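An overview of the molecular structure
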Amino acid sequence: MGTVKPWWKSGSRSALLLALAASSTLLAPASAQNDGAAKELAKWSQQDLAKAEAFVQKFLEELKGENPERAVAAFDTTAMLDQVFDGIGDAKQRAEMKRAAKTSIGPTLLTSLKSVSSGASKWKRLVVVDGTLRARVRFAGDDGIAIVDLELGQSGDAWAFRDLHNLTLGASMVGEMRTMMVLMSPSLSPGLLSRWFGPETYTATDIDNVGKLVKAFQGGNLEGAKALFEKLPKSLQESSPITAVQMQILAAGSDQDAYVAALEGAAARFPAPKFRMTLVDAHFLRKRWKQAIRCLDEAMQGIERDAMLLMLRSTIELQSGDIATARKTTMEALALEPDSLEVLAGSLDILLAAKDWAAVAKTMRAMEKSDQYDFKGQLDDEVWQEFRQQPEAKPWL
């Protein structure tokens, strides 16, 4: 295997951002494992769990506040970098790499947090996955739906986050960074490369082309990025981080059919929910309703049956003309989160289309309890025309 100039000595600070360019991890998604039941949570005292919940709530408040950068302080970046560089190089090399990465991880975390936290947040619950305590949170807004597990660790009596698992994408931040560090420092971690990719070895040219590929894409040179991708060995091309970068290259290009075909191939190679949510969007835009629903169902199998994901499913079903199934899915979402304004508001179109006037009226009353909605005298739009003629509409006429 050839040698390349170590990234941590080259003055480059793009390594951590490079890791975030990938939208899934080589590791099995934590969400694919079973959530810890009450007996798993019992490993921690009720006092510790209460402190953990309070810590998460404060973090969410800061993230949505005027200074979201304060939320970064909730992460134990030292522990995260210890995981990223574990087993890579010798002790001196690891120390050098950690020092170089330390300057980037804060801004990288803030960028990642901002990307997933747009829209309304929903604190779901504490779960136990692979023996670790995690806080599950959902963010839903114009940029889509993200369900995130924030991995918790204790240092004395204090809690801190030690990883961020984006379940919707099947991505672990620490896993992504670790994978990219291994790829960028192959001579320092041959055992890890062999375990992840098999007995094949990679030359200095292969690894150099990985960095060039991402830089070409970031610079807008799509054709150059495509050419560099084609030069990589097949096992690298089909690895999770490189596949994710390829998806972004194709998404930015004009050949959307090639993009969808590559997404389908990626979804077939990796376990749910990896790449499924992106594929849902691709199928939806092409009115491939059955395929979109199948991908969404596969994504939920790898995460959980979430009310907002179910509302997305009902929207697709409504667009397909299957109003009865859309109503059934909507009712399941409402049963899961009867007080969620996002779910209630999203359900109105489906319930109106289903002519379930009693459910429409019940939903309107629930929304008005929040003091954010008042439907009195606001039913003039065409969508309300048939409802206005029903006895259930009288309180708002």
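One numbering rule holds for all chains: residues counted from 1, following each sequence as written. Two thresholds apply to this predicted model, a pLDDT of at least 70 for residue-level local features and 80 or more for giving and counting side-chain atom pairs, whereas whole-chain, interface and lining totals are computed over all residues. In computing side-chain values, all of the structure's heavy atoms are included and hydrogens and water are not.

The next thing to look at is the packing of helix α4 (residues 77-85) against helix α5 (residues 91-116). At a minimum axis separation of 10 Å, α4 and α5 run at an interaxial angle of 125°. One finds that α4 runs oblique with respect to α5. Regarding α4 and α5, the two cross each other, and that crossing is right-handed. Contacts between α4 and α5 pair T77, T78, M80, L81, D82 and F85 from the former with R94, M97, K98, A101, K102, I105 and L109 from the latter. Under the scheme applied here, ten amino acids are nonpolar (Ala, Val, Leu, Ile, Met, Phe, Trp, Tyr, Cys and Pro), four are charged (Asp, Glu, Lys and Arg), and all others, including Gly, are polar. Class assignment for the residues of the contact of α4 with α5 results in seven nonpolar, two polar and four charged. All axes here are fitted lines through C-alpha atoms, helices being fitted over the stretch that makes contact, and every angle between N-to-C directions spans 0 to 180 degrees. The numbering of helices and of strands both runs from the N terminus, where a helix is a DSSP run of H or I of at least 4 residues and a strand a run of E of at least 2. Throughout this description, any angle smaller than 35 degrees is read as roughly parallel, any larger than 145 degrees as roughly antiparallel, any in the 65 to 115 degree range as roughly perpendicular, and the remainder as oblique. Each crossing gets its handedness from the near helix: less than a right angle anticlockwise from the far helix is left-handed, clockwise is right-handed. By definition, residues are in contact when any of their heavy atoms lie within 4.5 Å.

Another point: the pairing of strand β2 (residues 132-141). In terms of burial, β2 is a largely internal element, eight of the ten residues being buried. Both strand β1 (residues 120-129) and β2 contribute to a ladder of nine bridges, which runs antiparallel. Note on β2: the bridge partner recorded for W123 is V137. In this structure, the hairpin formed by β1 and β2 is closed by a connection of two residues, where D130 is found at a positive phi of approximately 50°. A pair of strands is labelled paired if DSSP reports no fewer than 2 bridges between them. Strand direction decides the pairing type here: β2 and strand β3 (residues 144-155), joined by eight bridges, are antiparallel. Across the sheet, the residue bridging to R138 is I147, located in β3. Only protein chains enter the calculation, and the probe is 1.4 Å; a residue is then buried if its accessible area is under 20% of its type maximum, exposed if over 50%, and partly exposed in between.

Bringing the nonpolar core into the picture now. One finds L309, V360, M364, F375, W384 and F387 to be the most contacted residues of the largest nonpolar core, which totals 55 residues. In this structure, M364 is in contact with L348, F375, L379, W384, F387 and W396, ignoring residues within four places of it in sequence. Buried Ala, Val, Leu, Ile, Met, Phe, Trp, Tyr and Cys residues form a nonpolar core when they are joined through side-chain atoms within 4.5 Å.

Right, let's get into the sheet that holds β3. Read from one edge to the other, the open sheet built from five strands follows the order β1-β2-β3-β4-β5, with strand pairing classed as antiparallel. A single partner strand is all that each edge strand has here, and the edge strands are β1 and β5 (171-172). Helix-sheet contacts for helix α3 (residues 46-63) involve β1, β2, β3 and β4 (158-166), and the interaxial angle to β4 is about 65°.

These figures come from the coordinates and say nothing about function on their own.
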